[in-house]
Every structure is written in C-alpha cells, then in structure tokens.
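Residues per chain, in single letters:
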Amino acid sequence: MSQATDPPLTELRYNVKRLPFADVTEEDVRHFQNIIPGRVITDESDLRPHNVDWLRTVKGHSKVLLKPRTTQEVVKILKYCNERCLAVTPQGGNTGLVGGSVPVFDEIIVSTALMDRVIKFDEISGALVCQAGCILESLNEYLEERGYIMPLDLGAKGSCHIGGNLATNAGGLRLLRYGPLRGTVLGLEAVLPDGSVMNCLNSLRKDNTGYDLKQLFIGSEGTLGIITALSIMCPRKPRAVNVAFLGCEYFSQVLQIFTMCRDQLGEILSACEFMDAESMRMVQMHLNLINPLPDNAFYVLVETSGSYGKHDEAKLNRFLENAVDSGLVTSGTVGTDQTKIMGIWALRERITEALALDGYVYKYDLSMPVEKLYALVEETRVLLGAYAKSVVGYGHLGDGNLHLNITAKSHSNSLQSLLEPFVYDWTAKHNGSISAEHGLGFKKRDHIYYSKSMGAVHLMQQIKRMLDPKGIMNPYKTIPPMD
Ligand SMILES: Cc1cc2nc3c(=O)[nH]c(=O)nc-3n(C[C@H](O)[C@H](O)[C@H](O)COP(=O)(O)OP(=O)(O)OC[C@H]3O[C@@H](n4cnc5c(N)ncnc54)[C@H](O)[C@@H]3O)c2cc1C
C-alpha cells in the first residue's frame, strides 16, 4: 500500500468533533514502555498501516500502538488508560469493512498481534482454547493436522484474528453449515475498561447459570473491552469436500437452485453462494482469474462436505443432472480435487479484493428475505446510472445475505447521498438488517435505528455506560451517544 493512496483524515471527510479525552504525553509513553518493554510503537511509518483501514476509506492519526502478549499486560494498559482518560481502539487483523478497527483521531491502538498462542485443544470434544490474536487461517491449519476445522471461514482468513472475528460476530462461508459464532463460541475472557477481567472462559456445551455474558462481547466491536481469549467448538474435518459451480440466466433460477440444493443435498450441503456477472467481471479484470462458465448473468457455488466421498459425489452429480434437466442452469462444472475446488472458491472469495482495486467502494452488507436480494441491486443500478463505475451483487445465498457494492473513481458526497438513505430505507421496508455480518463500526453507527428500536438502542447505551463510564473504548463507533 503506498501512502499516495491514503484517504483523507476521517475527522475531515466526515466532519467529526474530537471528544474531550486526554492527549498522549511522553510520560504516558514511558509508562507503557515499563509495562511492555520494546512493544510500544511510536514511529509514524510503522503506525501508518494501523491508522488506515483495509478498504482505505478512513484514516486516524494515532501516535501510539501497543502490542501486549498477555491478559495481565492488557489489564495494566486499560487500567492506566481509564485512569488517564485516554481513548483506545482495539485492533486485530485490521480487515474490518466498516471503519471500526482504526482510530478516528489519536486513540491509542491496542493490537492483539502478539497474543497468538493456542492454550489447549481437546481432541475428544473439539473445544479449542486460544488467545484472541491467533490468525484464523493458522488456527484452521493447526486443527486440520488434528482432524478438525474452524467452524468459520472468510476471505480475510489469512489476516483476520479470531478475537476480531468474535468482536464483529463475523459470518462468512461456513455459517450455513455450522451456524453463527453465537452458537459455536463456548467461552470468552475479556478485559473491561477499568482493567478488571471478565473470565467466562469455560468449554462447556451447556451452562445455564445466569446471564450469558460472553454474548455481550460477541459483536461488541471493541466498545466494551478487549477480548483476550476464547474457547470455541470445532467440527471434525470433513473427509470429502466437493464443489459445483453453476451458471443461470435469471435470479429466480438462482432461488430455485437454492431450494433444490436444500432438498436434494440435505445434510451434506455446506455452502451456497451467489454472484452476478459484474462480480465475475471484477475478478477477471483485476485479478486475472478464469471464469470456467463465461456469459452467464448469475452464478451459484454449491459446496458439499461429508464423511463418505463416493456417496457425496453421487448425490452432487444427481443434483446437477436434475438442475440441468429442469432447465434451471445453462452450464455447470464440478470440482472434486483440491486445485479445482480452490480455483472455484477463489472466484467467490476474492471479489472483495477485486472491488478494492476497481476504485472507491461503497459497501453494503444487508440481510433480507432471500427472494428480495437481487431486486435491490437492480434498482440501485437504475438509480445511479452513469454515476457508478459498477454496481455489483453477490453474497451468502443460504443466509439471505447480500453484499451490494458500488464502485466509483473516487469518494463523492453526491453519490453517497444518492445511496443513503435509499439503500437503508429499501432494506428496512423489506424487514431486512442494514448490517448482516460486518457490524456498524464508524460508518454505519448512526443508521442503527433502521434495524433496532429506540428502546433497544437505549438499553445498549446504558450497558455501554455501565461498563465504560468514561467512554474510552473505541469511541465514535457502533453505539450512538446518549443525547
Ligand atoms: C477480503 C475480505 C473478506 C471478508 N469476508 C467476510 C465475510 O465473509 N464475513 C464477515 O463477517 N466479514 C468478512 N470480512 C470482514 C472482516 O474480515 C471481519 O469483520 C473480521 O472478523 C475482522 O477481524 P479482524 O481481526 O481483522 O478485526 P479488525 O478489523 O482489526 O477489527 C474489527 C472490529 O473489532 C474490534 N476488535 C478487534 N479485535 C478485538 C478484540 N480482541 N477485542 C475487542 N474488540 C476487537 C475492532 O476494534 C473493530 O471494531 C471480510 C474482510 C475482507 C477484507
């Protein structure tokens, strides 16, 4: 990433006023040096990648990055920041897509990059206990060697941290099969803003003793404390994985394919994703990926995972024959070996990366009744006409989750005001959520009311005030301030 492509400072682009937190002094830096010697970063060029988000749309100007290794170090850091009223932004892999992971002003960045230890793994129950800074892909590799996998997978797996995944309640590609993190996370440890430790790090499948406090931290986006460790339930590694890639003419056919998948693949269906022709154009143009089925308006990626290869392959082939016979698909291909499977998955997983290379990205991550998913893309295209470089629709079909992306040469307030509130009004009108899996972060905070009642937001504000009375944790993000 070159500095020439940096966005303007968030405070200028979005006209934000700094809250009255203390400024970081040299004495503060010396204090941090005493807590974590050699792991206090103040050099401007080293700080730069931590001040700019993955999409290069927001930018802060933090002067200090801290890299604790242990929960006790996080305790000392937060206790001190709270006493001094210094604002803090927790950061994992900085792959978040809503501007939550970088400071807005000069918040101190606390990175989990060095908290990357597996604490224990139970080969009988599949419960993994690890620190929050473990990279998702590394955890998956660790588990694969032991016959297990992580219950979540996403395009950013090579960089995102498991703590960041929990903090955003990430969804991703395996949710259809293994369910959301709210079901697979067994326990969690977090450091609260005053430095106290919330230890709910057990590995029990069942535990009905009082409120389920870990759920408060899943999806809290760094606003309540720092997640330092977790316990998660991991499924067995499937013995057979197969992928089918199908081309269709109409979105109505995509929906019928989905119904057919659930009906005919049943228990072995592990993912069902859709992409439009524009998504494929992006990955071909910017990443030189080869689409094996050119000239279709829509594509469906179906993955099966099971324990008996021959059975699964036969089931998938029969499903394909039926789909072709019924005229729902115009063409199709199946991947049973690892290279072909990875090639097909890359077409879906790398769309986010291709879009970032196309220009400034206006990113919307919406959930709604599945039959409505593509109507919004079409209406947006008509609304924007030549204002947009491209309007792209793809997503997790099985979860009713649309990723609507609009690219333009650069950011413009006029294009933004065409899109908002249009997209949010449309989604709310169809009983959808304005954030299916990316969270609210900085960019979507004030739109929370489209998906949550005033009463619910008020309760969130009270919880935030109770746990973080000085408001030091990731300010300007996720929960609108109380008036
Ligand atoms: C190519 C690509 C594909 C993606 N695909 C998906 C997808 O399929 N599904 C999906 O849901 N998301 C997806 N994302 C978004 C992103 O990867 C996820 O939100 C991810 O979970 C963020 O993890 P991270 O470690 O990078 O967190 P960061 O980006 O560093 O932080 C995200 C938020 O969590 C907070 N945070 C981070 N760590 C902690 C912690 N230990 N304690 C408390 N708060 C913390 C931060 O303050 C911030 O608010 C994708 C992103 C990219 C770039």
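Residues numbered from 1 in each chain as written. Predicted model: local features only at pLDDT ≥ 70, side-chain atom pairs only at ≥ 80, totals over all residues. Heavy atoms only, no water.

Enquirer: I'd love a proper account of the overall build of the protein, names of residues and values included.
Expert: Secondary structure assignment for the protein yields 18 helices and 16 strands. Relative to the 2.2 N^0.38 estimate, which gives 23 Å for 483 residues, the radius of gyration of the protein is 23 Å and therefore close to what a compact globule would have. C-alpha atoms of the protein, sized along the principal axes, occupy 75 × 55 × 45 Å. Out of the 483 residues belonging to the protein, those deemed buried represent 55%. Sequence-distant contacts in the protein: of pairs separated by 6 or more residues, those separated by 24 or more amount to 75%. Carbon and sulfur atoms make up 51% of the accessible area of the protein, which amounts to about 20,800 Å² in all. Charged side chains in the protein number 49 positive and 54 negative. The centres of these two groups are separated by 3 Å. (Helix = DSSP H or I, 4+ residues; strand = E, 2+ residues; numbered from the N terminus. Rg over C-alpha atoms; globule rule 2.2 N^0.38 Å. Buried < 20%, exposed > 50% of the residue type's maximum accessible area, 1.4 Å probe, protein only. Contact = heavy atoms within 4.5 Å. Areas by Shrake-Rupley, 256 points an atom, 1.4 Å probe, with all protein chains shown as cover. Lys, Arg positive; Asp, Glu negative; His and termini not counted. Charge placed at Lys NZ, Arg CZ, Asp CG, Glu CD.)

Enquirer: I'd like a description of the sheet that holds strand S13 (residues 331-335), backed by residues and values.
Expert: Hydrogen bonds along the backbone pair up the strands of a sheet, which may run parallel or antiparallel. Spatially, S13-S10-S12-S11-S15-S16-S14 is the arrangement adopted by the seven strands of the open sheet, whose pairing is antiparallel. Single-partner strands in this sheet number two, and they are S13 and strand S14 (360-367). Strand-to-strand twist of the sheet, defined as the mean angle between neighbouring strand axes without regard to direction, takes the value 15°. With eight bridges joining them, S14 and strand S16 (residues 401-408) adopt antiparallel strand pairing. Residue pairing across strands places Tyr364 opposite Leu404, the latter belonging to S16. Running over the sheet, helix H13 (residues 338-349) touches strand S10 (240-248), strand S11 (269-276), strand S12 (298-306), S13, strand S15 (390-396) and S16 and is turned about 50° from S10. (Pairing = 2+ DSSP bridges. Axes fitted to C-alpha atoms, helices over the stretch in contact; angles between N-to-C directions.)

Enquirer: Please set out the domain arrangement of the protein residue by residue, giving values where relevant.
Expert: As assigned here, the protein comprises domain 1 (3-111), domain 2 (118-233), domain 3 (240-351) and domain 4 (359-450). Between the C-alpha centres of domain 2 and domain 4 there is a distance of 28 Å. Each partner contributes residues to the interface: domain 2 has nine residues there, and domain 4 has eight residues. When residues of domain 2 are sorted by the area they lose upon contact with domain 4, Gly172, Leu176 and Glu221 head the list and together hold 59% of the total. At the boundary of domain 2 and domain 4, one finds three residue pairs in polar contact (both at pLDDT 80 or more). Taken together, the residues of the side of domain 2 that touches domain 4 break down into four nonpolar, four polar and one charged. (Domains from an automatic or database assignment. Buried area = accessible area lost by both parts, 1.4 Å probe. Polar contact = N/O pair within 3.5 Å; in protein donor to acceptor, adjacent residues only side chain to side chain. Nonpolar A, V, L, I, M, F, W, Y, C, P; charged D, E, K, R; others polar.)

Enquirer: Go over the nonpolar core, please, and point to the residues and values.
Expert: The tendency in soluble globular proteins is for nonpolar side chains to be buried side by side. If you look at the biggest cluster of nonpolar residues, it comprises 50 residues, and the most contacted ones within it are Ile257 and Leu404. Per-element tally for this core: the top contributor is helix H10 (residues 251-265), with eight residues. Here this core spans two domains, and each of domain 3 (240-351) and domain 4 (359-450) adds at least three residues to it. Apart from the residues lying within four places of it in its own chain, the contact partners of Ile257 are Leu246, Cys248, Val300, Phe319, Ala323, Leu328 and Val329. (Core = buried A, V, L, I, M, F, W, Y, C linked by side-chain atoms within 4.5 Å.)

Enquirer: Describe the packing of helix H2 (residues 26-35) against helix H4 (residues 71-84), and please don't skip the residues or the numbers.
Expert: Think of two packed helices as two axes; the pair is described by the angle between the axes and how far apart they sit. Between H2 and H4, whose axes approach to 10 Å, the crossing angle comes to 160°. As the angle between them shows, H2 and H4 are arranged roughly antiparallel. Read as a crossing pair, H2 and H4 show a hand that is right-handed. Facing H2, whose interface residues are Glu27, Asp28, His31, Phe32 and Ile35, H4 presents Glu73, Lys76, Ile77, Tyr80, Cys81 and Arg84. Split by residue class, the contact of H2 with H4 holds five nonpolar, one polar and five charged. (Parallel < 35°, antiparallel > 145°, perpendicular 65-115°, else oblique. Left-handed = near helix turned anticlockwise from the far one by under 90°.)

Enquirer: Just give me the short version of the sheet that holds strand S1 (residues 40-41), but keep the residues and values in it.
Expert: Strand order in this open sheet of four strands is S1-S2-S4-S3, and the pairing throughout is mixed. Across the chains shown, the open sheet's two edge strands, defined by having one partner strand only, are S1 and strand S3 (88-91). Pairing geometry for S3 and strand S4 (residues 108-111), over four bridges, is parallel. Bridge assignment links Val88 to a residue of S4, and that residue is Ile108.

Enquirer: Tell me about the environment of Gly158, residues and numbers included.
Expert: Of note, Gly158 is situated in the loop between helix H5 (136-144) and helix H6 (162-168). Judged by its relative accessible area of 40%, Gly158 is partly exposed. The residues touching Gly158, leaving out its near neighbours within four places in the chain, are Ile135 and Glu137.

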